[in-house]
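# Structural overview for review
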Amino acid sequence: MDKHYLTPLFAPQSIVVFAGQADAPATQTTQAKALHQALRAQNYTGTLQFLDIHTSGTLADLAQARADLAIIALPPQDIAAALELAGRIKCRAALVISSGVSAEQSAALKKIAQREGIYLLGPNGMGLQRPQLQLNASAAGPLAKAGSLALISQSGALTSSILDWACNNAVGFSSVVSLGPHTSVNLAQVLDFLASDAQTHSIVVYLEGISNARRFMSALRSAAIAKPVVVLKAGRKPAGNEAALTHSATIVGSDDVFDAALRRAGAVRVRSFVELFSAAKCLASRYRPVGRRLAIVTNGGGPGVLAADWVNEIDLQLGKLSAESASALKPQLPAHASLSDLIDLSEEAGPEHYKAAIEAADKDRQIDGMLAIYSPKAGADPSAVARALAEVKRAVGKPLLSCWMGDSTVVAARGILNDAAIPSFRTPEAAVGAFGNIASFYQNQLLLQQTPPPLSTLAKPDIEGARLLIESVLSERRKVLTEMESKTLLAAFHIPVTKTILTRSAHEAMMIATQLGFPVALKIDSPDISHKSDVQGVALNILNAAGVRDCYNEMVQTVARLQPDARINGVTVQNMAHARRGREICIGLVTDDPFGPVIAFGAGGTMIELINDRAMELPPLNQFLARRLIERSRVAETLGEWRGASAIDMDALEQVLLRVSEMVCELPQLREMDINPLIVDESGAVAVDARIVIDHAPLSGNGSANRDNPYNHLAILPYPARYEQLLPLRGGGEYTVRPIHPDDASMLQDLMQHLSPQSRYFRFVSALIELPPTMLARFTLIDYDREMALVAVVRQRSTGADGAIIETERIVGVSRYITNPDQSSCEFALVIADDFNGKGLGSRMMLSIMDVARDKGLSEIEGLVLANNPDMLKLMKSLGFSIKPFAEDRDFKLVTHTL
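Here goes a summary of the coordinates provided. Source: prediction; values computed, not measured.

Take the packing of helix α18 (residues 463-475) against helix α19 (residues 483-492) next. One way to put it is that α18 packs onto α19 with a least axis distance of 9 Å and a crossing angle of 160 degrees. Taken together, the axes of α18 and α19 lie roughly antiparallel to each other. Considering the relative orientation of α18 and α19, their crossing is left-handed. Residues Ala466, Leu469, Ile470 and Val473 of α18 form the contact with α19, whose own contacting residues are Glu485, Thr488, Leu489 and Ala492. Split into classes, the residues belonging to the contact of α18 with α19 amount to six nonpolar, one polar and one charged.

Laid out in structure tokens, this is it:
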């Protein structure tokens, strides 16, 4: 259980190959011929044997052919027989390299694989490469150079192109995986393996679509916690979407929503094939910048200015030397060098000047990365400068990129830079863009760290009242709420709305308007009209009763003429919003396939489609995410002091976003929502108009609305605060059991460091003294879906040096589980602080994590316990676990319990 379940696929010790007869090429597919050539070109580190499904021999022969991985490169009609045979010889994984396998055939292969307990990669893919194992199980060309970069691609042609490019650009790979349409082992599972693969330090993904948003987000977030992930997605525009859907047989979805999903997962998105290569160069050099300030070191003003322009264009910052650094560097440079903005070394710059400038920038805290630009000069040696960079690169700790401009005179220099693993680019813009893409990794990591609960800390909304309203509308077989119903729903979540009353005659409208006080606004009320102003269904600033009467009659007649089929409920009367310099905002909800509900924010008003200002974020939100969402919109520039208007009440606007997030989390029936306009000024925010579309709640996997897991409609599960509980501690005192969150990292490390050597060994089966940063991040930032961790927290009081009482929290126990690939069982782990043993924490933490697993619909929980850990085995027995020897390792016992 300590190995990843896909280890037989990606690190097999033995392989059996079904690819036709090597001495009869006529019997082989094109992929089989390429596979034979690829496998025989390397000295694979494991055992390799070739079988033919028609001459496989006796059962005794098959017993001799047992292997971890079966590779199948046969015509579509023979693949099923080979897969059956792989099951009989106990293969735990299979790779199908083929083309032209239909969706029906793929489904049949998947059933065979599930029945035989085989993890199946394919069909319709180009295979995989594991260079460090000398394994080229692909039809994608020669084996790539070994390196730390992993590539996952949903396009076979692109896989081959990237490998061909990498060969001449000093880029090596830990893994290359080609995923075809209808593959059984999917993108999320491959990401999950690479996240824990020690050979992989960064991941590049070419993506056309996904099949399951929750599992994709879970795996992507898990990978991005530990290592940079860069994604190139096809189908950014409608035509591309259609092509990608046809090619990959997966769901594409809105490009804006996909952007939001990648940001929230902590990954970096690139927009072009060229950018993907640029990012790959940086990742292969293991660069992980922690900021956006790029210093430009150049021997020519023009190229330096071009780079600086692009720094501003893509929202980076130009890194400038501090006064102290500049003063120290200046005497080491040519007389005409300038250090005001760019580090312009002048045309006289030589290798020693570049070296001094790079060393100074590396030590300066105002700089996060360096770009060295070299323009060829008469009598100068580009290679000598490149060698100086290669030498200094060994000592610098910040990202170092290069741009040797020109062509014929700098070819040798570029080779030196490539050999030194310094990313080299032909243009300043490409180099700056590459730094920007990788710098985004740090920015997106801040979003990844956010784990908001479904409800904010604001006043509790009337959720039950909102649900009753929705059920009432659905019972009438309606899906579009009226304006009054929409505002009632908003008010249930404490979103300020203008007082609105529905009237059914001009006389009634006059009376209501007089009671509300002038000026008022009239709006047509119809479930069939989305944009009231398009049919002249809005009248503003009506100042008296006569005006109300005339506007009412004219409005009803005009709407009936322009949209005769529309059902008209009447006309609403509401006070005019009094904000003289208020900004019009639109906050909305869209439902995306496959990512589900997404919150949109941007400029509002009648020209919303023309302005097209829409930033998006996946729920749930907290204040940090709400602020970032606002900042990404174009209208954000108008929310401060603007053209004589005071700055808006940003807290009020953020609270509306938090309330909308609550609505999205608690009301799975919501499909569309437009609060437009929401008028916001220095005194607050008020929703003037709203339109909401609903439908029945999405069904769970068993075909029913799942009330036990009320957030299954979300791509990212909220922090599960419902599992928090306060419990008495045996011997006095109390402790809190709650789900873990990222802020627990330091407390978890403290628990680890204070465990006895024996307790650490029982938990981790190693002499680990503290958790490495990547492991600590993975343990504390979880998805609360396939994985759950509960912590036991006690409050402790101590006296400070000044005599003041200091109250701190301490984690004294952790129980966790991770769902197994069968999606019906899970594996658990448990650790309790040594000084809290014997106080009932172990049994309580186990019972709590079992309750969560049961709540998630899992049917069995299992774990491995060292045979020489009698206290843990005693606890397992007391909880009703069955205890058996573990067949794969006699030092362990396998403990299981039905949930």
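So that's the structure; there's more coming.
A full pass over the atoms with the stated rule returns 11 aromatic pairs. Ring plane angle 20 degrees and centroid distance 4.6 Å describe the contact between Phe10 and Phe193, whose orientation is recorded as stacked. Of this pair, Phe10 sits in helix α1 (residues 7-10) while Phe193 sits in helix α7 (residues 187-196), and the two are 183 residues apart along the sequence. Judged by its relative accessible area of 5%, Phe193 is buried. With a centroid separation of 6.4 Å and an interplanar angle of 65 degrees, the aromatic rings of Phe216 and Phe595 are classed as edge-to-face. Here Phe216, found in helix α8 (residues 213-226), pairs with Phe595, found in the loop between β23 (583-592) and β24 (596-603); they are 379 residues apart in sequence, far enough to count as distant. Grouping aromatic residues by their ring pairs yields a cluster made of Phe216, Phe258 and Phe595.

Okay, the pattern of salt bridges next. This model, assessed by the stated rule, comprises 43 salt bridges. The residue Asp381 makes a salt bridge to Arg387 at a minimum N-O spacing of 3.8 Å. Arg387 sits in the partly exposed class, given a relative accessible area of 44%. Residues joined in a network through salt bridges with shared partners are Lys233, Asp255, Asp259, Arg269 and Arg271.

A word on the pairing of strand β35 (residues 882-885). In the sheet, β35 pairs with strand β36 (residues 892-898) via four bridges, with the strands oriented antiparallel. Across the sheet, the residue bridging to Pro885 is Lys893, located in β36. Between β35 and the antiparallel strand that follows it, β36, lie six residues.

Criteria and thresholds
- Residue numbering note: each chain is counted from 1, following its sequence as written.
- Per-residue local features of the predicted model are confined to residues with pLDDT of at least 70, and side-chain atom pairs are confined, for both listing and counting, to 80 or more; whole-chain, interface and lining totals are unaffected and use all residues.
- Side-chain figures throughout are based on the complete set of non-hydrogen atoms in the structure, without hydrogens or water.
- Whenever a helix is involved, its axis is fitted only over the stretch in contact; in every case the axis is a line through C-alpha atoms, and angles between N-to-C directions fall within 0 to 180 degrees.
- Starting at the N terminus, helices and strands are each numbered in turn, a helix being any DSSP run of H or I of at least four residues and a strand any DSSP run of E of at least two.
- Here roughly perpendicular refers to angles of 65 to 115 degrees, roughly parallel to angles under 35, roughly antiparallel to angles over 145, and oblique to all remaining angles.
- For any helix crossing, the convention is left-handed if the near helix is rotated counterclockwise from the far helix by under a right angle, and right-handed if that rotation is clockwise.
- Any two residues whose heavy atoms approach within 4.5 Å at even a single point are treated as in contact.
- Basically, the charged four are Asp, Glu, Lys and Arg, the nonpolar ten are Ala, Val, Leu, Ile, Met, Phe, Trp, Tyr, Cys and Pro, and anything else, Gly included, counts as polar.
- The aromatic pairing rule takes the rings of Phe, Tyr and Trp, using the six-membered ring of Trp, and pairs them if the centres are within 6.5 Å, calling planes under 30 degrees apart stacked, those over 60 edge-to-face and the rest tilted.
- Each residue's exposure class comes from its accessible area (1.4 Å probe, protein chains only) as a fraction of the maximum for that residue type: buried when under 20%, exposed when over 50%, partly exposed otherwise.
- Put simply, a salt bridge is a Lys or Arg side-chain nitrogen that is within 4 Å of an Asp or Glu carboxyl oxygen.
- DSSP bridges decide pairing: two strands pair if at least two such bridges lie between them.

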